[in-house]
Amino acid sequence: MKYKCLVLDHDDTIVNSTATIHYPAFIESLKILRPHLTLTLEEYFYYNFEPGFSAFCHDVLHLTQEEMEF
């Protein structure tokens, strides 16, 4: 039997989406929005937890609303 389902994996136990999807996409965005900035995967993990992703974007990177929408 087959079931259609959506799996939400917020802690990367099924798929390592942070390292393989979210971080690379974020780095590609930074190349356009903040080309002078470099960020390792470890730093990305750190900022996602402290101060949190939204605060990191607003308070550390100072992204505008337009940049956030990008």
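Residues numbered from 1 in each chain as written. Predicted model: local features only at pLDDT ≥ 70, side-chain atom pairs only at ≥ 80, totals over all residues. Heavy atoms only, no water.

Engineer: Pulling in residues and values, what's your account of the overall build of the protein?
Structural biologist: Across its full length, the protein carries three helices and zero strands. When its helices and strands are written in sequence order, the protein yields α-α-α. When the backbone C-alpha atoms are referred to their principal axes, the protein occupies close to 50 × 25 × 20 Å. A buried classification covers 24% of the 70 residues belonging to the protein. Relative to all contacts within the protein whose residues are 6 or more apart in sequence, the contacts with residues 24 or more apart total 41%. For the protein, the computed accessible surface area is about 5,700 Å², with 60% contributed by carbon and sulfur atoms. In the protein, 4 side chains carry a positive charge and 11 a negative one; their mean positions are 16 Å apart. (Helix = DSSP H or I, 4+ residues; strand = E, 2+ residues; numbered from the N terminus. Buried < 20%, exposed > 50% of the residue type's maximum accessible area, 1.4 Å probe, protein only. Contact = heavy atoms within 4.5 Å. Areas by Shrake-Rupley, 256 points an atom, 1.4 Å probe, with all protein chains shown as cover. Lys, Arg positive; Asp, Glu negative; His and termini not counted. Charge placed at Lys NZ, Arg CZ, Asp CG, Glu CD.)

Engineer: Describe the nonpolar core, and please don't skip the residues or the numbers.
Structural biologist: Ranked by size, the top nonpolar core spans eleven residues in total: Y23, F26, I27, L30, L33, L39, Y44, F56, C57, L61 and L63. Contributions of two or more residues to this core are made by α1 (17-33) and α2 (41-60). With five residues, α1 is the single largest residue contributor to this core. Here F26 is in contact with L39, Y44, F53, F56, C57 and L61, once residues within four sequence places are set aside. (Core = buried A, V, L, I, M, F, W, Y, C linked by side-chain atoms within 4.5 Å.)

Engineer: Explain the environment of I27 residue by residue, including any values.
Structural biologist: Looking at the secondary structure, you find I27 in helix α1. Looking at I27, the relative accessible area reads 18%, which means it is buried. Residues I27 and Y44 lie 17 residues apart in sequence; the distance between their C-alpha atoms is 9.5 Å.

Engineer: Describe α2, with residues and values.
Structural biologist: Given 3.6 residues per turn, any residue in an α-helix points the same way as the ones three and four places further on. Over its 20 residues, α2 extends only 16 Å from the first C-alpha to the last, a length that falls short of the 28 Å expected when each residue adds 1.5 Å. The complete set of buried residues in α2 reads Y44, G52, F56 and C57. Elements that come into contact with the buried residues of α2 comprise α1 and α3 (65-69). H62 sits one or two residues past α2 and shows a positive phi near 55°. (Expected span 1.5 Å × (residues − 1).)

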